[in-house]
Amino acid sequence: MKNYIILFCLALFFGCDKIPSGVSDVHESSYEVTGMDAPADFVFDNADSSFTVTLKLNSSSDIEQVWIDVYSPDGTKMNEKPFQLADNGNKALGDTAKGDNVFSNRYPFSQSYVNGIYKIEYFVQSTDGLTNKVAEHTFKYDNKQTDYPPVLSDLVMPDTVNAGVPFNFSVRVTDKNGLTDVKKVYFKFIRLEDGSASPNVDMWNDGELLHGDEVKGDDIYSFSNYFTLETKGKTRQFVFQAVDRSDSLSNIITHNIYVK
């Protein structure tokens, strides 16, 4: 079921929002945003795999173009070019009346897109060449595919390390919904002498050797760590787990390290 929200916003609406580089201050515009219409939740449907996005202005006399950018849950921009909204009365594209200062279009979605929270950013360019980011909206997407939890395997980690000496470790993650469905891989360690535990620490998959990772975006998550001299003679139990964008948890892998 599709639920829609309408957010009414003046030009000040996103005054506290960080305006992207190259976008002018919204207070310089000669128009106001009076509302927008976009899904709060969108569920994939084979019969209709797109949804309508609408931006409402109080005037369009000075408007050159209106468009949106859509971002995936990991922050990647999905559209290569600005996705245009039009006030042309094309009902097939979601615009019900021409010249009513309401700009619309239907954005196509694929079932291969991961579940999660997506973001829409709205932009208006006026005839004087100024571009404003005027609104922002997030929605939750359900691709209607079976959700499979991630699986951890192939932990590479030493049994013994020297205090004060850095060491790297890594773990492999797989997910039948695709690696883009993996939200994060993390660990905590338990101090066996008293049972206390560290907070969860995210592992890296950015290809940075300083983080102990060699290849960005593969199925290996890594970390570089060291123990202080005060840890000599003690054992730390590491607990690894992953979570996907549907908040499904993976299996747990544990491993003990003795610090000498």
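Residues numbered from 1 in each chain as written. Predicted model: local features only at pLDDT ≥ 70, side-chain atom pairs only at ≥ 80, totals over all residues. Heavy atoms only, no water.

Enquirer: I would appreciate a short explanation of the overall build of the chain in the present structure.
Expert: Across its full length, the chain holds zero helices and 16 strands. The long-range share in the chain, meaning contacts at least 24 apart out of those at least 6 apart in sequence, stands at 62%. With an accessible surface of roughly 13,600 Å², the chain has 50% of that area assigned to carbon and sulfur atoms. (Helix = DSSP H or I, 4+ residues; strand = E, 2+ residues; numbered from the N terminus. Contact = heavy atoms within 4.5 Å. Areas by Shrake-Rupley, 256 points an atom, 1.4 Å probe, with all protein chains shown as cover.)

Enquirer: I'm lost on empty space enclosed by the protein in this one. Help?
Expert: Where empty space is left can be seen by rolling a probe of water-molecule size over the atoms. Overall, the coordinates contain one cavity of 30 Å³ or more when judged by the stated rule. In this structure, the largest cavity encloses a volume near 60 Å³. Forming the boundary of the largest cavity are S112, Y113, V114, N115, N143, Q145, T146, D147, N177 and D181. The residue inventory of the lining of the largest cavity, partitioned by class, reads two nonpolar, six polar and two charged. (1 Å grid on protein atoms, 1.4 Å probe; cavity = no way out; pocket = protein on both sides within 12 Å on 5 of 7 lines; lining within 4 Å. Points joined across faces, edges and corners; volume = space filled by probe spheres on them. Nonpolar A, V, L, I, M, F, W, Y, C, P; charged D, E, K, R; others polar.)

Enquirer: Is there a simple way to think about the layout of surface pockets in this case?
Expert: By volume, the largest pocket is sized at about 370 Å³. Forming the walls of the largest pocket are 17 residues, and the residues nearest its centre are V182, K183, N205, G217 and Y221. In terms of residues, the lining of the largest pocket owes the most to one element, strand β12 (residues 182–191), which gives four residues. Split into classes, the residues belonging to the lining of the largest pocket amount to six nonpolar, three polar and eight charged. Counted as a void, the second largest pocket has a volume near 200 Å³. Secondary structure elements with two or more residues in the lining of the second largest pocket: β7 (116–126) and β8 (131–142). The leading source of residues in the lining of the second largest pocket is β8, at three residues. Of the residues in the lining of the second largest pocket, the class split is three nonpolar, three polar and five charged.

So far we have only geometry, and geometry alone does not tell us how the molecule works.
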